[in-house]
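This is what each chain is made of:
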Amino acid sequence: MPIYEPAPDGGEAAAAWTRAQAEGLARSDDVVAPVVYPPESEPVSDDVHVWDTWLLRNRDGSVATVDGYRVILSLTAPADMLPGKRHDVATIRYFYSADGTQWHDGGPVFEDGAAFGARQWAGSALLDDDGTVYVYYTAAGHRDAEELTYEQRIAVAGGGRVETDADGLRIAGPFDHEVILEPDGERYEREAQSRGMIYTFRDPWFFEDPETGRTYLLFEGNTPVPEGSDACGGDAERQAFNGSIGVAASPTGDPTDWELRPPLVDAVGVNQELERPHVVVRDGRYYLFFSSHDHTFAPGIDGFDGLYGFVADSLRGDYRPLNDTGLVLTNPGNAPYQAYSWMAFPHGDEILVQSFFNYYDLGGLSLDDVGHLAPEEQLRKFGGTLAPTARLGYDGDRTWVRGTLAHGRIPLGSEELPPLSPVGDRESTRGYGR
Ligand code: FRU
């Protein structure tokens, strides 16, 4: 049983992602993923685009299995919709699999109109010890609003169950929906305070600390930087880039009861969006990962669409950027937008990284250029399905790409992965294996 001590009050300063660290960003061999091609077998769904994806997990973070099935939840939109419009209509669906390779569409997790928000963005999902399913999600905009707005609140839907029968698996409601976190305007910026490009208060991720038994919710936020502040030497343009990794603690361990705490990391003057933060604990170290885009770095920093990470000796520890700069995994220079929204999870002595197949075959086009192509071309160049799962090695503050598994492959801890061939003193397969 986890111990539910009250979480410490906070007051701890966030670790900073500094410009000096981010200025060193480079596509070295250790961080570049192999080129992604469309899947050879059926994509996860012909009916919907699939992007941000997360696992149904147990409280201890392990992949949940129910009667032999594992379950993923994904943001989805109709497959004939222009990919750039998908965020405006996102719906959370679930898919289940008996082998971690072939996924079946279980349909939307929530009944029509039941969830908060005009649409629902990324989150996480807990199968609690008593069999209750909690789905954390971002309520984007307002259900009854006539116009599309970008306000974000963090919500939970609790009370669901997982049922199985001869036909497969169902996540069954009814769910109780509740808004659990809103920005306080002091540690976490409200939308009205935002001076930046893309405001954020989203992507809740449930985490039980294995060292302490305490329960946390990580999320993506922005640190308020009042006008006239001397942050970034008073440079107002840089101050507008103020991404943070936020955290809330549950004083009781109750998965619906949360209090905001100070951010774990912030990137004032460095980057606006530290997306989908999550933690993998290995060898007593806390690997804190998040995704970010090339276009959300502050002026003067050349970054990439990539998975970034920090490491510390405790959840509230003094985070150091992995690989000196923070970059863990990125797309090749000739396919810079092929994957996004990475989600890392442990497997034996490796860390596996799931993501979605984004834009490919761009021949040097920028994402802005893509928006001006004919609709069929925009659809043809968008993967909209699960990407090959990447394999990372790690050692202290270093990580390296070892190779990839098939598209959408989610192995259980007990499943052996194909061997890697040695290259120098590191091993690497730049090919694909199951
Ligand atoms: C990452 C992301 C998430 C957000 C979702 C909206 O791909 O920006 O932060 O929840 O997409 O579609």
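How each quantity is defined
- Residues numbered from 1 in each chain as written.
- Predicted model: local features only at pLDDT ≥ 70, side-chain atom pairs only at ≥ 80, totals over all residues.
- Heavy atoms only, no water.
- Helix = DSSP H or I, 4+ residues; strand = E, 2+ residues; numbered from the N terminus.
- Rg over C-alpha atoms; globule rule 2.2 N^0.38 Å.
- Buried < 20%, exposed > 50% of the residue type's maximum accessible area, 1.4 Å probe, protein only.
- Contact = heavy atoms within 4.5 Å.
- Areas by Shrake-Rupley, 256 points an atom, 1.4 Å probe, with all protein chains shown as cover.
- Lys, Arg positive; Asp, Glu negative; His and termini not counted.
- Charge placed at Lys NZ, Arg CZ, Asp CG, Glu CD.
- Phe/Tyr/Trp six-rings, centres within 6.5 Å; stacked < 30°, edge-to-face > 60°.
- Lys NZ or Arg CZ within 6 Å of the ring centre and 35° of its normal.
- Salt bridge = Lys/Arg side-chain N within 4 Å of Asp/Glu carboxyl O.
- pLDDT = per-residue confidence, 0-100.
- Near = heavy atom within 4 Å.
- Polar contact = N/O pair within 3.5 Å; in protein donor to acceptor, adjacent residues only side chain to side chain.
- Nonpolar A, V, L, I, M, F, W, Y, C, P; charged D, E, K, R; others polar.
- Pairing = 2+ DSSP bridges.
- Core = buried A, V, L, I, M, F, W, Y, C linked by side-chain atoms within 4.5 Å.

1. Here's the deal with the overall build of the protein
A count of helices and strands for the protein gives 4 helices and 27 strands. Computed over C-alpha atoms, the radius of gyration of the protein comes to 20 Å, within 12% of the 22 Å expected from 2.2 N^0.38 for 434 residues, which places it in the range of a compact globule. Across its three principal axes, the protein shows a C-alpha extent of roughly 60 × 50 × 50 Å. Per-residue burial for the protein yields a buried fraction of 58% across its 434 residues. If you take every contact in the protein between residues at least 6 apart in sequence, the share linking residues at least 24 apart comes to 64%. Approximately 17200 Å² of the protein is accessible, and the part contributed by carbon and sulfur atoms is 47%. For the protein, the distance from the average position of its 34 positive side-chain charges to the average position of its 71 negative side-chain charges is 3 Å.

2. Section: the packing of aromatic side chains
All told, the structure shown has 24 aromatic pairs when counted by the stated rule. Centre to centre, the rings of Phe 201 and Phe 219 are 5.0 Å apart; their planes meet at 55°, and the pair counts as tilted. Linking Phe 201 in the loop between strand S10 (176-181) and strand S11 (202-208) with Phe 219 in strand S12 (residues 215-222), this pair joins segments that are 18 residues apart in sequence. Comparing Phe 201 with Phe 219 shows no difference in burial state: the two are buried. An aromatic cluster of at least three residues, connected via ring pairs, comprises Trp 17, Phe 290, Phe 297, Tyr 308 and Phe 310. We note Arg 86 situated over the ring of Trp 51; from NZ or CZ to the ring centre the distance is 4.8 Å.

3. Overview of the pattern of salt bridges
Inspection of the entire model under this criterion finds 23 salt bridges. A salt bridge links Glu 259 to Arg 261, with the shortest nitrogen-to-oxygen separation between them at 3.3 Å. For Arg 261, a relative accessible area of 6% gives the class buried. Note that Glu 415 is salt-bridged to Arg 409, the shortest N-O span being 2.7 Å. Like Glu 415, the residue Arg 409 is buried in the burial classification.

4. Some remarks on the confidence of the model for the protein
For the protein, per-residue confidence averages 93 on the pLDDT scale, and 94% of positions sit at 70 or higher. Per-residue pLDDT stays below 50 along residues 1-10; that stretch engages in 25 contacts with residues further than four places along the chain or on separate chains.

5. Observations concerning the site of the ligand
Residues in close proximity to the ligand include Trp 51, Asp 52, Leu 75, His 87, Trp 121, Ala 122, Arg 202, Asp 203, Glu 220, Glu 275, Tyr 340 and Ser 341, which together make up its full environment. Within the side chain of Trp 51, one N or O atom sits 2.9 Å away from an oxygen atom of the ligand. His 87 is positioned with one of its side-chain polar atoms (N or O) 2.6 Å from an oxygen atom of the ligand. In the complex, the protein chains occlude 94% of the 320 Å² of accessible area that the ligand would expose alone. Looking at the shell around the ligand, the elements that each hand over two or more residues are strand S2 (48-58), strand S6 (119-127), S11 and strand S20 (339-347). Here the residues of the shell around the ligand sort into 5 nonpolar, 2 polar and 5 charged.

6. Notes on the sheet that holds S12
Reading across the sheet, the 5 strands line up as S1-S14-S13-S12-S11 and stay open at both edges, with mixed pairing between neighbours. The open sheet has two edge strands with one neighbour each: strand S1 (15-16) and S11. One ladder, built from 5 bridges, connects S11 with S12; its direction is antiparallel. Directly across from Phe 207, in S12, lies its bridge partner Tyr 216.

7. Observations concerning the environment of Val 50
Within the secondary structure, Val 50 is located in strand S2. C-alpha separation for the pair Val 50 and His 407, spaced 357 residues apart in sequence, amounts to 12 Å. Once residues within four sequence positions are removed from consideration, Val 50 is found in contact with Val 44, Ser 74, Leu 75, Thr 76, Phe 95, Phe 356, Gly 384, Thr 385 and Leu 386.

8. Some remarks on the environment of Tyr 150
Here Tyr 150 is to be found in the loop between strand S7 (133-140) and strand S8 (152-165). Note: C-alpha distance between Tyr 150 and Tyr 199 (49 residues apart in sequence) is 7.7 Å. When residues no more than four places from it in sequence are discounted, the contact partners of Tyr 150 are Asp 88, Arg 119, Trp 121, Glu 191 and Tyr 199.

9. A closer look at the pairing of S6
The element S6 is extensively covered by neighbouring structure, given that 9 of its 9 residues are classed as buried. Summarising the sheet, S6 and S7 pair through 7 bridges and their orientation is antiparallel. Pairing of Gln 120 across the sheet is with Ala 139, part of S7.

10. Some details on the side chain of Gln 152
Secondary-structure assignment places Gln 152 in strand S8. The class of Gln 152 is buried, set by a relative accessible area of 3%. Of the polar contacts made by the side chain of Gln 152, one reaches the backbone oxygen of Tyr 150; its length is 2.9 Å. Of note is the side chain of Gln 152, whose polar atom sits 3.0 Å from the backbone nitrogen of Phe 201.

11. Points about the nonpolar core
Core analysis: the biggest nonpolar cluster contains 73 residues, and Leu 56, Leu 73, Val 109, Phe 110, Leu 169, Phe 289 and Leu 329 have the highest contact counts within it. Not counting the four nearest positions on each side in its chain, Leu 329 is found in contact with Val 31, Ala 33, Gly 306, Leu 307, Trp 342, Val 353, Ala 390, Leu 392 and Val 401. Judged by nonpolar contacts, the second largest core, of 32 residues, contains Ala 15, Leu 218, Phe 297 and Tyr 308.

12. Quick look at the pairing of strand S24 (residues 398-407)
Most of S24 is tucked away: 9 of the 10 residues are buried. In the sheet, strand S23 (residues 388-395) pairs with S24 via 7 bridges, with the strands oriented antiparallel. Each bridged residue has a counterpart across the sheet, and for Arg 391 the counterpart in S24 is Gly 403.

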